[in-house]
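Inside the fold
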Amino acid sequence: MANENTGNNRGGGGRGFAGMDEARQREIASQGGRAAHESGHAHEFSSEEAREAGRKGGESVSQNRQHMSAIGQKGGEAVSENREHMADIGRKGGEHSHGNSRPGGASSRAGAGGQDAEAARQGPKHT
């Protein structure tokens, strides 16, 4: 009877390398990698080459907006499960919004706008 395993031949159902189980494939590939290094034929990336390859890969992946959105959502869900961490974020945000960071109790959000508001309260200057 013909081989009924028409999909993935891994697990011994097929012939040759593709028909071997994953552990045996990994073992053979590992031997090939060691042999290439020993004979001097394996490419050794310099730190600059590795950095450039990583940059290109990152650019390629980041162009897939749906994928990046899914990553961000998973990260946000994981972080928000840490209630203590979220409480710390909330406290820090509250401290900044209530102006505890500027002398005299003035709000840090006022910035230059606070000076303009003070000048408006004093009225027009006559020179």
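All values reported here derive from a predicted model rather than from experimental measurement. (Residues numbered from 1 in each chain as written. Predicted model: local features only at pLDDT ≥ 70, side-chain atom pairs only at ≥ 80, totals over all residues. Heavy atoms only, no water.)

**Re the overall build of the protein**
- Each helix and strand counted, the protein has six helices and zero strands in total.
- In the protein, the succession of α and β elements from N to C terminus is α-α-α-α-α-α.
- The burial tally for the protein puts 2% of its 127 residues in the buried class.
- Taking as baseline every contact in the protein between residues at least 6 positions apart, the subset at least 24 positions apart corresponds to 0%.
- Approximately 10,800 Å² of the protein is accessible, and the part contributed by carbon and sulfur atoms is 51%. (Helix = DSSP H or I, 4+ residues; strand = E, 2+ residues; numbered from the N terminus. Buried < 20%, exposed > 50% of the residue type's maximum accessible area, 1.4 Å probe, protein only. Contact = heavy atoms within 4.5 Å. Areas by Shrake-Rupley, 256 points an atom, 1.4 Å probe, with all protein chains shown as cover.)

**Digging into a nonpolar patch on the surface**
- A contiguous nonpolar patch, built from Val61, Met68 and Ile71 and spanning about 240 Å² of accessible area, is present on the exposed surface.
- Residue placement: Ile71 occurs in helix α4 (residues 65-80). (Patch = residues over 30% accessible without salt bridge, like charges linked within 9 Å, V, L, I, M, F, W, Y side chains within 5 Å. Salt bridge = Lys/Arg side-chain N within 4 Å of Asp/Glu carboxyl O.)

**Overview of helix α2 (residues 22-39)**
- Here α2 contains 18 residues, and its C-alpha end-to-end distance of 26 Å stays within 8% of the 26 Å for a straight helix at 1.5 Å per residue.
- One or two steps after α2, the chain reaches Gly40, where phi turns positive at roughly 85°. (Expected span 1.5 Å × (residues − 1).)

**Overview of the pattern of salt bridges**
- This model, assessed by the stated rule, comprises six salt bridges.
- Between Glu48 and Arg51 there is a salt bridge, with its nearest N and O atoms 3.2 Å apart. Separated by three residues within a single helix, Glu48 and Arg51 lie in helix α3 (residues 47-62), roughly one turn from each other.
- Overall, Glu48 belongs to the partly exposed group, its relative accessible area being 47%.
- Among the charged side chains, a network of salt bridges with common partners joins Glu52, Arg55 and Glu59.

**Some remarks on the confidence of the model for the protein**
- When pLDDT is averaged along the protein, the result is 76, and 66% of the positions lie at 70 or above.
- Averaged pLDDT values over the elements of the protein bottom out at 53 in helix α6 (residues 111-122) and peak at 93 in α2.
- Of the regions scoring below 50 in pLDDT, residues 1-7 engages in two contacts with residues more than four places distant in sequence or in other chains.
- The low-confidence segment residues 105-113 (pLDDT under 50) makes eleven contacts with residues lying over four places distant or belonging to another chain. (pLDDT = per-residue confidence, 0-100.)

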